[in-house]
Amino acid sequence: MRLLLMSDTHLPKRAKRLPEQLLAELPHADVVLHAGDWVDAATLDLLESRSRRLVGVYGNNDGPELRARLPEVARADLGGLRFGVVHETGPAQGREARCAARFPDLDVLVFGHSHIPWDTTAPGGLRLLNPGSPTDRRRQPHCTYLTAVVDGGALTDVTLHRLPRR
């Protein structure tokens, strides 16, 4: 099962549209996960129409229309792994312990908010992934997103993709 992970798309404020490289990944993904801060409903509509399955949440910059359509926390069993998606997880310091306590029933937590790619494992085994942002790099050298594979109940091939500067 191929996964495409993104967050903090912030359209149309940070970019006019999603990058072509990211859009080209959509037909290959069995599941698309978006960890919030869509900003416009058109991006949600686009991903819903082009994704086989979309798991998404709203973020702190998402207004009433997106909050009416998306949960704050989403959960999905994907290939035998228990995934969660949330926008905010608080400060980097103590993140693993805090998330492991908040989400003891998950194997993988996808989050956003910081625009900073993150890949760690908490004591107890919870994998934390932040794909960064494909449209707003903030203090990072590149805009980014993640792809991964779920195979035999294991998360493999977690790859951070760096996008060319616009």
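Above this text is the structure in question.
A short tour of the structure in this document, coming up. What you see is a predicted model; the values in this text were computed from it and never measured. (Residues numbered from 1 in each chain as written. Predicted model: local features only at pLDDT ≥ 70, side-chain atom pairs only at ≥ 80, totals over all residues. Heavy atoms only, no water.)

As for the side chain of Ser133
What counts here: Secondary structure elements follow DSSP: runs of H or I of four or more residues count as helices, runs of E of two or more count as strands, with numbering from the N terminus. Counting of polar contacts relies on pairs of N or O atoms within 3.5 Å, with two restrictions inside protein: one atom must be capable of donating a hydrogen and the other of accepting it, and residues adjacent in sequence are counted only when both atoms are side-chain atoms. Contacts are residue-level and defined by heavy atoms, with any inter-residue pair within 4.5 Å sufficient.
For Ser133, the position within the fold is in the loop between strand S8 (127–130) and strand S9 (144–151). Within polar-contact distance, the side chain of Ser133 engages the backbone nitrogen of Asp136 at 2.9 Å. Sequence-distant contacts of Ser133, that is, excluding residues within four places in its chain, are made with Ser7, Asp8, His115, Cys143 and Thr144.

Notes on the environment of Arg14
With respect to the helices, strands and loops of the structure, Arg14 is situated in the loop between strand S1 (2–6) and helix H1 (20–25). Along the sequence, Arg14 and Leu109 sit 95 residues apart, while their C-alpha atoms lie 25 Å from each other. Not counting chain neighbours up to four residues away, the residues in contact with Arg14 comprise Thr135, Asp136 and Arg166.

A word on the sheet that holds strand S6 (residues 108–110)
Applicable threshold: Two strands qualify as a pair provided DSSP detects at least 2 bridges between them. Geometry is summarised by axes, namely lines fitted to C-alpha atoms with helices restricted to the contacting stretch, and by angles between N-to-C directions that run from 0 to 180 degrees.
Spatially, 5 strands are ordered S4-S5-S6-S8-S7 in an open sheet, and the strand pairing comes out mixed. In the strand order of this sheet, the two ends are held by strand S4 (73–78) and strand S7 (118–121), each with one partner. Mean inter-strand twist for the sheet, computed between neighbouring axes without regard to direction, equals 15°. Pairing between S6 and S8: 3 bridges, direction parallel. Counted as the bridge partner of Val108 is Arg127 from S8. On top of the sheet, helix H4 (residues 95–102) reaches S4, strand S5 (81–86), S6, S7 and S8; it is set at about 70° to S7, its chief contact.

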